[in-house]
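# Results of the structural survey
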Amino acid sequence: MTWTVYSRNTNPIGERWLNWNGRDWVADAETTAILTWPGFSFLLTPTGPEQVGIGSTESELFAAALHVIPAPGTAGEVPAYPRVPRLPDGAVG
């Protein structure tokens, strides 16, 4: 699958985007810097769980791109959002 996440906003620095060609990704300089920062992490949902880094799957990269690119839009055959593990009944997250 090939896909793109892009910003629907325009800012003074320029567009933000990330392209996946089915094997590797390329992005604008600011997005690349954020995604490759050693301490980069984000919550997959407003209450967690936390994803550390861009992950090892295409869907985890997709989630990371949606997180860092403002007002994200998508094009192409986008992967499913990563599965969010369900807590066992009675567990507190």
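Residues numbered from 1 in each chain as written. Predicted model: local features only at pLDDT ≥ 70, side-chain atom pairs only at ≥ 80, totals over all residues. Heavy atoms only, no water.

## Points about the side chain of glutamine 51
Position of glutamine 51 among the secondary structure elements: in strand β5 (residues 50-52). In terms of polar contacts, glutamine 51 uses its side chain to reach the backbone carbonyl oxygen of glutamate 60, at 3.2 Å. Beyond its immediate stretch of four places on either side in the chain, glutamine 51 contacts Ser41, Phe42, Leu44, Glu60, Ala64 and Pro82. (Helix = DSSP H or I, 4+ residues; strand = E, 2+ residues; numbered from the N terminus. Polar contact = N/O pair within 3.5 Å; in protein donor to acceptor, adjacent residues only side chain to side chain. Contact = heavy atoms within 4.5 Å.)

## A look at the sheet that holds strand β3 (residues 25-27)
Strand order in the open sheet formed by four strands is β3-β2-β1-β6, and the pairing between neighbours is antiparallel. The open sheet has two edge strands, β3 and β6 (72-76), and neither has a second partner. When the angles between neighbouring strand axes are averaged without regard to direction, this sheet yields 15°. Looking at chain direction, strand β1 (residues 3-7) and β6 are connected through five bridges and run antiparallel. Directly across from tryptophan 3, in β6, lies its bridge partner glycine 76. The strands touched by helix α1 (residues 29-36) are β2 (17-20) and β3; relative to β3, the strand with the most contacts, the crossing angle is about 120°. Here helix α2 (residues 58-68) sits on the sheet in contact with β1, β2, β3 and β6, set at roughly 10° to β1. (Pairing = 2+ DSSP bridges. Axes fitted to C-alpha atoms, helices over the stretch in contact; angles between N-to-C directions.)

## Observations regarding the confidence of the model for the protein chain
In the predicted model, the protein chain carries a mean pLDDT of 89, and the fraction of residues at 70 or more is 87%. Put simply, β5 is where the protein chain has its lowest mean pLDDT, 94, and β3 is where it has its highest, 98. (pLDDT = per-residue confidence, 0-100.)

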